[in-house]
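Given next are the chains, with one letter for each unit.
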Amino acid sequence: MPISCRSSAALFLYCRSKTHEMRVHKWMMIGLLLLSLLSDQATLTIISDKSICKISSDQRLADCRGRLLAEVPVKDLPPSLEEVDLSHNALQVIRHDAFSHLYCLRVLQLQYNNISLIEDDAFRFNPLLEYLDVFNNSLRAIPTEALKPASRLRILRMSNNFYTEATLDNIFASFTHLKELSFGGPFIQSLKKGDFQALQKIPLDTFAIKTASSLQNYEPGCLKVIQTKNMWFDVALDQKPDILPVMLGDLANKTFAVLRFRNLFEFKYYSGEMNIFQGLADIKTHQLIFYRGKFNEHLLRMALINIQVSPIRGLGLLFIDFARSPTFVDSGVGSSVTALALDDLVLWDISNPDILRFDWRFTWFSKVRRLSIKNVNFNFVPCDAWDEMGMIEVLDVSNNRLQDHYLYNKRCQYSGAMTSLHSFNCSTNELSSLSDIASLTTEFWKLKVLDLSYNQLGSKEGACTWKSNITRMILHHNNFVSSTLSCLPTTVQYLDLSFCNLDLVDMDYFKQATNLKELLLSGNKIKFIPSGWSNPALLSLALDGNSFGLISMSSFKNMPSLSRLKAGNNPYHCTCDLHAFIQETTAKGKVNITDWPDNYRCYHPEAWLNTVVANFFPGRIACDIRLVIVISVVTTTVVVLAVMVLCYVFNVPWYAKATYQILRAKYRAHKEGEGVLQTYAYHAFISYSHSDADWVRDKLLPCLENSEPPYNLCIHERDFLPGKWIIDNIIENMENSRKVIFVLSRNFVNSEWCNYELYFANQRAIGKTFNDVILVVKEPIEPNSLPNKYCKLKKMLSTKTYLEWPQEAKHQVFFWAQLKSVLGKPSIPRDRASSTRSPHSEVNVSVVELPLEEGIPAEIIPVADRGGEALPEVLERVIHKTNIMVSKLENAMESLIRVFHNYSSKEGDKFKLSKVELKSLLQGELCDFLAASKDPMVVEKIMTDLDENRDGEVDFQEFVVLVAALTVACNEFFVESMKQ
């Protein structure tokens, strides 16, 4: 919406308040963004900027350069803008509403477009406009009406347009703030007396006028009204050279900082006899510059002769086209310019080096204090030139083609030459010998600054002799080797060896350079910083851009005066030394790291690659060696104590001793029985406590060894070989037994030898299953009550099925059946001394182990190890092969097992009866029993009564309960019938 302002001051205050509001809004937005990032569900949305112009973050600057715009992009310019750059586009017209919404506009750049019209009200709403540039456009007239509201203009550039008149309207008299004004163009052919009358009372800093390629008319008095510090003329006088004295006459008695002429003679060299520079004597200017244009010997001599008698103290000849004058006649000393007293003479970018001795001599340098000759393409300095430059204090011959033997000619006499020279710049040439430069400067007694950068110095040098006056030496961008440093002066206080391909620091040189205060070694290939580097006076050191990765305070301990250090852009190894160095330098502030922290990044280790060193925190433990030692000692002590406690708690010494005994016994057995094929001699090895010997002898052995056929068992009281080590007897007999039976009781737990036997059994079973270990619990044992050293026994009692000795006699029959089932059918008894036995002598029976439920041991079901074959068929084939005569009871047991597995193997688990299989068994084997029952749910009830573990199936033990119950009922019925 438009703003009504009665004064530019009010508008200025409004713009400042809007700027403040924008800043507040900006910080509010940043705060909201940070809050959103801190929330757990924060998401960052990136919106691509499709705007034609680049708008700054504070919306004060708009960059629309080079976008080929044909019109001002009004919609893309926010009203808060203060600076707009629309240069280098294709704008043709500036409409009245193009900037009407930019009330705060101060800077507007429209140069290098094709603008032919600026409408009258184009800047009506821009009263704060201070800078307007419409250089190089197509304006046919000065836009006076459009400029009326811009009374605050300070810089107005309107040059190089299509104006045909140079007359300024009276409106320019109101531009009291104007400091720089440039206007004109290639179609202005005359300058009239009243053209600049409007500027009479405006003191300018710079006034520039451009006219046609050949100005045709100039009215005297045209430039008299101009008050400016810098006067720039882009005026060509090829056809009317006599206009120049008139123009200089109008500038008489005026004082300028710079008086510049561009293209004074644009197309042809001046050959007239008129002294067109005679008015220079009356002009007070600090510097006179001729920029571009054609100069010959005749014109240059004419200018220099007039400058000799003028107050001009500086002369610049830039980019001029110099040529010899074919009509010049050398009259000896009379042709020389000998009284040209200048503070500064600048000769830059001149293609013809003949300008240096345009009069065949160098006398015009004799009274110059500061001489700069750049890019003039000269490659040698004649001997007489040094003699004529005795008053020069600063000599700059950079960016030429000077070579050693042309700069320093051994045939020349340099004694007494350049006695005032204190600064010598020979950079960017083709010099390659430091020794020649040293010889050249031997007579330069006051020389202090020597710039030899961008040359080819650095090859192997001979002896170099320097005067002690040189204090500042600039040698960057050469190709030095470390040994070359010995050819440098040791008196320097400032030394720049940046980008010289140095790979190490020459300590010998720096030990001698005791006055060195500032050293630059940036951009080299230095791989390490010597620890013994000593420079007591060094204040500033630059080591950035090298190849070293380690830096510490010890590197600079012999530099007590060091206060500034620049060491970024190196492949740093982020270590404790680097962290300590950074912390100490930043905390104490004694050494100021000037390029910290952006240029310091980790290169190694890989985990920290490209990490800013400021974000590298290795931690106190990693970097404090004393703390590391303390922690290591404490940790080691704790670990040792913990290991000792664990060894005590878990009887590790006992297990180590037992393992040693096993290895020792096995080694002896191996040595004694090499080449003998070992086979099983016993069905089982029985491990028991001495206190349980009576139960073993009276119960266990008779039942197993007196069966038909008998089991061959091993007990220590009877079968251990006398005279042999006990450990050897245990291990040998245990390995000669197919099974190991442990008779568990409280006495077993208290027996040391039983513990050995249990441990050996565990070692024997490594790599196998524990199916050959049979646990017989003679009396109830609570696993949690066992000592810690019986951890393996605890685990077996918790996870392995065991047999529990029943106290009731009627249950003991079933116990023996279970035990024999686990042991398997014994083979025909054989002599213990036999060393071989048939692989079919007995059935290898494994045990299906079920977890304990409510403290009741799960049943043990024998299963053949022959590819899943059903047990009844295996038993039948084994009996048939071995021709064993079995008892009636054993036949009954076999029939019972056969019936169970015939029905259990039909579906699901082949070792359990499902409800369908149980019903099929009852219907097939006990059909009369089912028929006598009138209850239709009899099968379900039987299933519920038998299924003790509530898994929906009946295993062999639960099935045996049914058979036992039916058998008991039948027996009672049989007994009752017999009584009757």
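Below, the structure is looked at part by part.

**Considerations on the pairing of strand β17 (residues 314–318)**
(1) Moving on: Of all the five residues making up β17, five are buried; the element is thus mostly covered by neighbouring parts of the structure.
(2) Moving on: Of the strand pairs in this sheet, β17 and strand β19 (residues 342–348) are connected by five bridges, and their pairing is parallel. Within the sheet, the bridge partner assigned to Leu315 lies in β19 and is Leu345.

**Notes on the packing of helix α21 (residues 888–904) against helix α22 (residues 915–925)**
(1) Moving on: Remark: α21 packs on α22, axes separated minimally by 9 Å, with the N-to-C direction vectors making an angle of 130°. Considering the angle they form, α21 stands oblique to α22. The two elements α21 and α22 meet at a crossing, and its hand is right-handed. Along the contact surface, α21 presents Val899, Tyr903 and Ser904, while α22 presents Glu917, Ser920, Leu921, Gly924 and Glu925.
(2) Moving on: Residue composition of the contact of α21 with α22, grouped by class: three nonpolar, three polar and two charged.

**Topic: helix α4 (residues 297–308)**
(1) Moving on: Taking 1.5 Å per residue, 12 residues should reach 16 Å; α4 reaches 16 Å between its end C-alpha atoms and fits that length.
(2) Moving on: For α4, a buried count of nine out of 12 residues is recorded, marking the element as mostly surrounded by other parts of the structure.
(3) Moving on: Elements that come into contact with the buried residues of α4 comprise β15 (284–291), β16 (294–296), β17, β18 (321–323) and β19.

**Regarding the side chain of Asn729**
(1) Moving on: Along the polypeptide, Asn729 turns up in helix α15 (residues 726–735).
(2) Moving on: Using a relative accessible area of 4% as the deciding quantity, one classes Asn729 as buried.
(3) Moving on: Within the structure, the side chain of Asn729 is placed 3.1 Å from the backbone oxygen of Leu721, a separation counted as a polar contact.

**Describing the state of the cysteines**
(1) Moving on: Applying the stated rule across the entire model yields four disulfides.
(2) Moving on: Between the sulfur atoms of Cys53 and its disulfide partner Cys64 the distance amounts to 1.9 Å. The sign of the S-S torsion, about 115°, decides the handedness of the disulfide formed by Cys53 and Cys64: right-handed. Here Cys64 lies in the loop between β2 (61–63) and β3 (83–85) and Cys53 lies in the loop between α1 (8–38) and β1 (54–55), a separation of 11 residues in the sequence.
(3) Moving on: Residue Cys64 is classed as buried on the basis of its relative accessible area, which comes to 0%.
(4) Moving on: For Cys383, the disulfide goes to Cys412, at an S-S distance of 1.7 Å. On the sign convention where negative is left-handed, the bridge of Cys383 and Cys412, at about -65° about the S-S bond, is left-handed.

**Digging into the packing of aromatic side chains**
(1) Moving on: Enumeration over the complete set of coordinates arrives at 31 aromatic pairs.
(2) Moving on: Relative to Tyr414, the ring of Tyr408 lies with its centre 5.5 Å away and its plane at 25°, an arrangement referred to as stacked. Each member of the pair, Tyr408 as well as Tyr414, carries the same accessibility label: buried.
(3) Moving on: The residue whose ring lies beneath Arg260 is Trp232, and the NZ or CZ to ring-centre distance is 4.4 Å.

**Some details on the packing of α22 against helix α24 (residues 938–946)**
(1) Moving on: Two numbers describe how α22 lies on α24: the axes approach to 10 Å, and their chain directions differ by 115°. As for how α22 packs across α24, the hand of that crossing is right-handed. Residue-level contacts link Lys915, Leu918, Lys919 and Leu922 of α22 to Val939, Glu940, Ile942 and Met943 of α24.
(2) Moving on: The class makeup of the residues in the contact of α22 with α24 is five nonpolar, no polar and three charged.

**Things to note about the sheet that holds strand β33 (residues 713–714)**
(1) Moving on: An order of β33-β32-β34-β35-β36 is seen for the five strands of this open sheet, with the pairing classed as parallel. Each of the sheet's edge strands pairs with one partner strand only, and the pair in question is β33 and β36 (803–804).
(2) Moving on: By the bridge criterion, five bridges tie strand β32 (residues 682–687) to strand β34 (residues 737–744) in an arrangement that is parallel. Looking at β34, one finds that Phe685 is bridged to Val740.
(3) Moving on: The strands touched by α15 within the sheet are β32, β33 and β34, with β34 carrying the most contacts at an inclination of about 120°.

**Side note on the nonpolar core**
(1) Moving on: In terms of nonpolar packing, the biggest core is built from 178 residues, with Phe99, Phe172, Leu181, Phe183, Phe196, Trp386 and Phe424 touching the most fellow members.
(2) Moving on: The biggest single contributor to this core is α4, with six residues.
(3) Moving on: Once residues within four sequence positions are removed from consideration, Leu181 is found in contact with Leu156, Met158, Leu168, Phe172, Leu199, Leu204, Thr206, Phe207 and Ala208.
(4) Moving on: Core analysis: the second largest hydrophobic core is formed by 28 residues, Phe720, Ile731, Leu744 and Val749 among them.

**Some remarks on the pairing of strand β14 (residues 255–262)**
(1) Moving on: Where strand β13 (residues 227–234) and β14 come together, four bridges link them in parallel fashion. Bridging from a neighbouring strand, Asn230 pairs with Val258 of β14.
(2) Moving on: Since β13 and β14 lie parallel, the crossover through helix α3 (residues 243–250) that links them has a hand, and here it is right-handed.
(3) Moving on: The pairing of β14 with β15 spans seven bridges and is classified as parallel. Within β15, the position partnered with Thr255 by the bridge is Lys284.

Cut-offs and rules
- Residues numbered from 1 in each chain as written.
- Predicted model: local features only at pLDDT ≥ 70, side-chain atom pairs only at ≥ 80, totals over all residues.
- Heavy atoms only, no water.
- Buried < 20%, exposed > 50% of the residue type's maximum accessible area, 1.4 Å probe, protein only.
- Helix = DSSP H or I, 4+ residues; strand = E, 2+ residues; numbered from the N terminus.
- Pairing = 2+ DSSP bridges.
- Axes fitted to C-alpha atoms, helices over the stretch in contact; angles between N-to-C directions.
- Parallel < 35°, antiparallel > 145°, perpendicular 65-115°, else oblique.
- Left-handed = near helix turned anticlockwise from the far one by under 90°.
- Contact = heavy atoms within 4.5 Å.
- Nonpolar A, V, L, I, M, F, W, Y, C, P; charged D, E, K, R; others polar.
- Expected span 1.5 Å × (residues − 1).
- Polar contact = N/O pair within 3.5 Å; in protein donor to acceptor, adjacent residues only side chain to side chain.
- Disulfide = S-S within 2.5 Å.
- Phe/Tyr/Trp six-rings, centres within 6.5 Å; stacked < 30°, edge-to-face > 60°.
- Lys NZ or Arg CZ within 6 Å of the ring centre and 35° of its normal.
- Core = buried A, V, L, I, M, F, W, Y, C linked by side-chain atoms within 4.5 Å.
- Right-handed = clockwise from strand over helix to strand, strands pointing away.

It is worth stressing that arrangement in space is one thing and function is another; only the former is reported here.
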